[in-house]
Amino acid sequence: MFQSRTHNCGELRMDNIGQTVTIAGWMENMREVGQNFAFVIVRDFYGTTQVVVDTEEMFRTFKEINKESTVQVTGTVRERDSKNPKIPTGDIEIVPTEVRVLGKCRYNELPFEVNRSREADETARLKYRYLDLRNPEVKDNIVLRCNVVAALRQAMTEHGFLEITTPILTASSPEGARDYLVPARKHPGQFYALPQAPQQFKQLLMVSGIDRYFQIAPCFRDEDARGDRSPGEFYQLDMEMAFATQEDVFTVLEDVLPPIFAKYGKYDTASEAPFLRIPYLEALEKYGTDKPDLRIDLICQDITAHCQGTEFPPFNEEGAEVKAVVVSGSKLTRKQIDALCADTEVQSGKKPYWFRMDENGELVGGVAKFFADRKDTITDALGLQPDCLVGIAVGPRGQAQKTIGVMRNKLGAAVEGHMKKEQYSFCWIVDFPMYEIGEESGELEFCHNPFSMPNGGLETLLKAERGEIDPLAITADQYDLVCNGVELSSGAVRNHDPEIMVKAFEMVRLGEEDVKQRFPAMYNAFCYGAPPHAGIAPGVDRMVMLLAGEDSIREVIPFPMNKNAQDIMMGAPGTVDPKQLEELHIAVTAVEEAEE
RNA sequence: GGCCGAGUAGUUCAGUCGGUUAGAACGCUAGCCUGUCACGCUAGAGGUCGAGGGUUCAAGUCCCUUCUCGGUCGCCA
């Protein structure tokens, strides 16, 4: 029979010497170092403890047990002959008197070695996630996640926020990502949708008089995965404040996040409150992206004016802008530069160019010859010194910015001394435009979401309507929190006025009926007296990923799905019993047909 | 959906110009070893080279098709 443990595998010390103890855990290893003499390592959540085997009977007992079986060991604690300072329990060992197998591991060969699971094929890790999680390095990320979530809860509660859960089965939202749908048994042909975010509910809570709301909220979006984006589902620290401005929201996060990053982060936090605020357009111009990695000290520049009249055709294309990023002290070889340019082209969709100033102050390599007739001007404009490498992007503004932004990241990481990798650098991106010209439609569309309050309110929209200002110049108090080039969070001061909401929709050729139809609950609620309100929703998974210093978001999710949104451990998604489909009034078209 | 990369022993990988019996490390099995801690030493077992087709006297290697996984772009209010 299984008895209670007296100790876990991480706590025995010199003080326990002489005591009779019972531990339990997984048999990690058996090192046979002599005839009928061996060391057995037992591992549990808390650590590992060494059991010394020095009788023929015990040796035979342990030798029959497959690694990774669970065992219970009762014995006496004694001081080790040779101690191991690398292990917390390294001063002691247990001389066993009784050993019991609690859960047999039936296989003497595992899909991977537990302690080296991070090197194993990801598919195998995900299929045998329970083995993967036995690896302390893997488990620690999940423990970190628990600690971070607990700290977030505590901090938000201390700031007067109430944690309120909102429905998981709700209505499909007409905007945004693809929905996950759930058939409604009692309503043939109708569907619930899993929430992409609790956006509308939290705004309704504001109208309800809840002053400060938060939730560690599950969000569901049926979009493709990325390294930093889990397919299907993820968690946000969703929050909203009534009678609040953008600054009020910033103050809360600048108060809540830094201590958590300081306590649980792998690196130091470089940013102090208030975090740097960068207007959206300035971010695009200086960093080539709206999620700049401020650990890199490079700034992009526009050199369009200096490229007029060059012999290089791309510089002279209609509407082309030329952007440059200069990195000093470059020792990159021609081969390295080419590889870097190729990577940039893959990621930005546009080939970048380059030239450099050599150690003698001559412009050489790449497109250098096109600048030969204006060497002094360009040297002056870019502040070139010997051993400077210049990355160049050409194209319509957006394309050129994107390309130079990718180039900036790559050069910053590749050239010594331009990136402080081991720190957290925060910034707010502010003043997002309210509208943009849609690439497909060619007409005015909402740039991000339609819930934001345009700066200047109704008056601004009316001016735009009268043609007094460019609608593209209208900004919103909409903001992103960025850390190390990762978009941690997006938020806004919301539009709480039905009249302004309708007007905002009219700008994109929609009207009152569209607002009512798409957001009936919110529109109705706002007609009953809504407070001005603002909020934000930092991604929990991404935050933990940054804190853990991981590049893949799957390392901080307990049971992640693979790239194709499959849980190969559980077999999801999978087919279901025809009877279930019948109850749900669902007919499945032949898959082949669906794929045609 | 596009592009790039990968798929060879239980695992991680190597495999030259197409050429004899497809190798290494870890793991596994057996033996040796009384202070190991990534224990060490000796020996052994273990392969549908992702799948299908083709070229060839001969294919892990070349060609075509296809599947799977990863990265990336699209997408992600």
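The preceding data block contains the structure.
Let me sum up the structure you'll find in this document. What you are looking at is a predicted structure, and each value in this text was computed from that prediction instead of being measured. Each chain carries its own residue numbering, running from 1 in the direction its sequence is written. The order in which chains are written sets their letters, starting at A; the order in which ligands are written sets their numbers, starting at 1. In keeping with the model being predicted, local features are shown solely for residues with a pLDDT of at least 70 and side-chain atom pairs are shown and tallied solely at 80 or more, while totals for entire chains, interfaces and linings include all residues. Side-chain figures throughout are based on the complete set of non-hydrogen atoms in the structure, without hydrogens or water.

1. Observations regarding the overall build of chain A
And step 1. Along the backbone of chain A there are 17 helices and 26 strands.
And step 2. Projected onto its principal axes, the C-alpha positions of chain A cover 90 × 75 × 55 Å.
And step 3. Counting every position in chain A, which comprises 596 residues, the buried fraction comes to 48%.
And step 4. The contact criterion used is simple: two residues touch if any of their non-hydrogen atoms lie within 4.5 Å. Within chain A, contacts between residues at least 6 apart in sequence are counted, and of these 66% link residues at least 24 apart.
And step 5. Accessible areas in this description were obtained via Shrake-Rupley with a 1.4 Å probe; residue shielding takes into account the shown protein chains only. A total accessible area of about 30000 Å² is found for chain A, and carbon and sulfur atoms account for 48% of it. Runs of H or I in DSSP of at least four residues are treated as helices and runs of E of at least two as strands, each being numbered from the N terminus. Burial status follows relative accessibility: with a 1.4 Å probe on protein chains alone, a residue under 20% of its type maximum counts as buried, one over 50% as exposed, and anything between as partly exposed.

2. With respect to the pairing of strand 24 (residues 478–483)
And step 1. Burial analysis of strand 24 places six of its six residues in the buried class, which makes it a mostly covered element.
And step 2. Going residue by residue along strand 24, you find Gln 478, Asp 480 and Val 482 tucked away on one face and Tyr 479, Leu 481 and Cys 483 tucked away on the opposite face as well.
And step 3. At least two bridges found by DSSP between two strands is the condition for calling them paired. Bridge count between strand 19 (residues 426–430) and strand 24: four bridges; the pairing is antiparallel. Counterpart to Cys 427 in the pairing with strand 24 is Val 482.
And step 4. In terms of strand pairing, strand 24 meets strand 25 (residues 486–493) through six bridges, oriented antiparallel. Residue pairing for strand 25: Leu 481 is matched across the bridge by Ser 489.

3. Some thoughts on the protein's contact with RNA strand B
And step 1. Taken together, 52 residues sit near RNA strand B, with Arg 31, Glu 32, Glu 109, Arg 229 and His 448 positioned nearest.
And step 2. Think of it this way: one heavy atom of a residue within 4 Å of a molecule or strand is enough to make that residue near it. Near-protein atoms of RNA strand B (within 4 Å) split between backbone and bases, with sugar and phosphate holding 54%.
And step 3. N or O atoms within 3.5 Å of each other form a polar contact, as long as, within protein, one can give a hydrogen and the other can take it, and as long as residues adjacent in sequence are counted only when both atoms are side-chain atoms. In the environment of RNA strand B, a sugar or linking oxygen lies 3.1 Å from a nitrogen or oxygen atom belonging to the backbone of Gly 176.
And step 4. Broken down by secondary-structure element, the contributors of at least two residues to the surface near RNA strand B are strand 1 (20–34), strand 2 (37–44), helix 2 (122–127) and helix 8 (334–348).
And step 5. It is strand 1 that provides the largest number of residues to the surface near RNA strand B, a total of five residues.

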